[in-house]
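Below, each chain spelled out in residue letters.
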Amino acid sequence: MAKLQRGEGEGGDLEKLRKGIAESYDESTGAWEELFGEYIHRGFYDTPSAAPGAAPLTALDHRRAQLRMIDEALAFAGVSEDPEKKPKKILDVGCGIGGDTLCLAKKYGAQCIGINLSPVQVKRAQELAQAEGLADKVSFEEADALNQPFPDGQFDLVWSLESGEHMPDKEKFFSEMARVAAPGATIILVTWCHRDLSPDEESLRPDEMKLLNKISDAHLLPAWCSAADYASFAKSLKLEDIRRADWSENVAPFWSAAVQSGMTWRGIISLLKSGWKTIKTALAVSLLIEGYNKKVIKYNIITCRKPK
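Summary of the structure given here. The structure presented is a predicted model; accordingly, all values stated were derived computationally and were not measured. (Residues numbered from 1 in each chain as written. Predicted model: local features only at pLDDT ≥ 70, side-chain atom pairs only at ≥ 80, totals over all residues. Heavy atoms only, no water.)

**Side note on the nonpolar core**
Generally speaking, soluble globular proteins have nonpolar side chains that are buried together. Ranked by size, the top nonpolar core spans 50 residues in total, and within it Leu74, Ile188, Ile215, Trp247 and Tyr299 carry the most contacts. In this structure, Val93, Ile115, Met167 and Phe233 belong to the second largest nonpolar core, which totals 30 residues. (Core = buried A, V, L, I, M, F, W, Y, C linked by side-chain atoms within 4.5 Å. Buried < 20%, exposed > 50% of the residue type's maximum accessible area, 1.4 Å probe, protein only.)

Encoded structure:
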C-alpha cells in the first residue's frame, strides 16, 4: 500500500475530509450530470481506442459504455439473474445521484438503498427515483461508508463503483461492506488503485508518489492502495471467491470523452456555473490521464462472496 497520509488523520482532519468531499460534490453534481447523465462514472469499452478510420465514438456510445460497466461488473462477479437466486436487497455505497442504484433496482426488482455524503446528490437521487416510479423500491440517505447505519448481514449485494478512492481508511471501508453483507452475499468494488507493488518493493517510487499527491490534492483523495491490498483485506475477513481484474484499458476511451465534453460550450458553461472547485477538478483530469499512461493508476474490479 502506498504510504500516503493525506486525509488519514483522526478527529478534525477526518471531518474536514468528509466535509470537503460532500461540498465538492454538492457544487459539482449539476455539471457532471449535465455532461455525463445520471451515471457519474466511466464506461466499459472493448478496445482502448478506435481502429484507424473508424467513426469517432458518440455521446450515445459513451452512455452505452457506462451502462455496460454495470453489466460487466455484475457478470464478472457472477451475480445470478435466476428469480430464486438474484439479490433481493442491495446497498450502493457512494451512490452518486443514484443512476446505478436505480439500474440495479430495475434489473433485479430488488429493494435498494444508496448512501452518500453529499446532501445535494441524495436529494437529486430521490428526485430521479420518484421520476422513474421507483420511490417504493429505492431510498437514499446521507451516511458515512466507514460507519454505515445498518445492522450486520442486511444485503444480498453490496456494490461500490468509483467511491472507494475517497475513503481515508480502505481496510475499514472494505470491512464495513463485508459487515453489512448477508451470508452468501456478493461484494463488488470497482475503483481506482495504484499499481500493485512487486515483491521487492515496499512503496511506490518517489516520482509516482509525487504524481499521486498532485492528483489527491485536486480530487480530495486520501491514501491510495492497490488491488492486491483489497484482495488481502478480503482474505483477512475470510471472504470467499476473491477475484480481481485490471480494467484500465477498457476505460481508456472515456478520458477523451471527458476532455471533449469539457471543451464544448455546454461543458464550459456548466463548469463555470459550478464554481472554482469543480473547474480545478476538471483541469486535473490531465493528471489522471498521466497516471494511467504511466501505469501508476489502475482501474480495478475486486469481487468476493461472504460465506454462508
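**Concerning the sheet that holds strand S7 (residues 297-305)**
Within the open sheet, the 7 strands sit side by side as S3-S2-S1-S4-S5-S7-S6. Their pairing is mixed. Both outer strands of the open sheet, strand S3 (138-142) and strand S6 (240-246), are each paired with one neighbouring strand and no more. Pairs of neighbouring strands in the sheet enclose a mean axial angle of 15°, with direction left out of account. In this structure, S6 lies alongside S7, joined through 5 bridges in antiparallel fashion. Bridge assignment links Ala245 to a residue of S7, and that residue is Ile301. (Pairing = 2+ DSSP bridges. Helix = DSSP H or I, 4+ residues; strand = E, 2+ residues; numbered from the N terminus. Axes fitted to C-alpha atoms, helices over the stretch in contact; angles between N-to-C directions.)

**Looking at the packing of aromatic side chains**
Taken as a whole and judged by the stated rule, the model has 5 aromatic pairs. Both rings, one in Phe150 and one in Phe155, keep their centres 5.2 Å apart while their planes meet at 85°; by these two values the pair is edge-to-face. What makes Phe155 buried here is its relative accessible area of 0%. One aromatic cluster is present, formed by Phe44, Phe76 and Trp247 through successive ring pairs. Against the face of Phe155 rests Lys89, its NZ or CZ located 5.4 Å from the ring centre. Above the plane of the ring of Phe76 lies Arg243, whose end atom (NZ or CZ) is 4.0 Å from the centre. (Phe/Tyr/Trp six-rings, centres within 6.5 Å; stacked < 30°, edge-to-face > 60°. Lys NZ or Arg CZ within 6 Å of the ring centre and 35° of its normal.)

**Focus on unusual backbone geometry**
Unlike most non-glycine residues, Lys238 shows phi in positive territory, near 60°. Residue Lys238 is classed as exposed on the basis of its relative accessible area, which comes to 65%. The backbone of Asp241 sits at a positive phi, close to 50°, despite the residue not being glycine. Within the secondary structure layout, Asp241 lies in strand S6.

**Some details on helix H5 (residues 170-180)**
Within H5, the full set of buried residues consists of Lys170, Phe173, Phe174, Glu176, Met177, Ala178 and Val180. Contact partners of the buried residues in H5: strand S1 (89-93), strand S4 (155-161), strand S5 (181-194), helix H7 (227-236) and S7. A side-chain oxygen of the first residue of H5 lies 3.3 Å from the backbone nitrogen of Glu171; this N-cap is Asp169. (Contact = heavy atoms within 4.5 Å. Polar contact = N/O pair within 3.5 Å; in protein donor to acceptor, adjacent residues only side chain to side chain.)

**Things to note about the pattern of salt bridges**
Under the counting rule described, the total for this entry stands at 22 salt bridges. Between Lys294 and Glu290 there is a salt bridge whose closest N-O contact spans 2.7 Å. Overall, the relative accessible area of 29% leaves Glu290 in the partly exposed class. When salt bridges that share partners are traced, they join Arg195, Glu201, Arg205, Asp207 and Glu208 into one network. (Salt bridge = Lys/Arg side-chain N within 4 Å of Asp/Glu carboxyl O.)

Without other data, these values stay purely geometric and don't point to any function.
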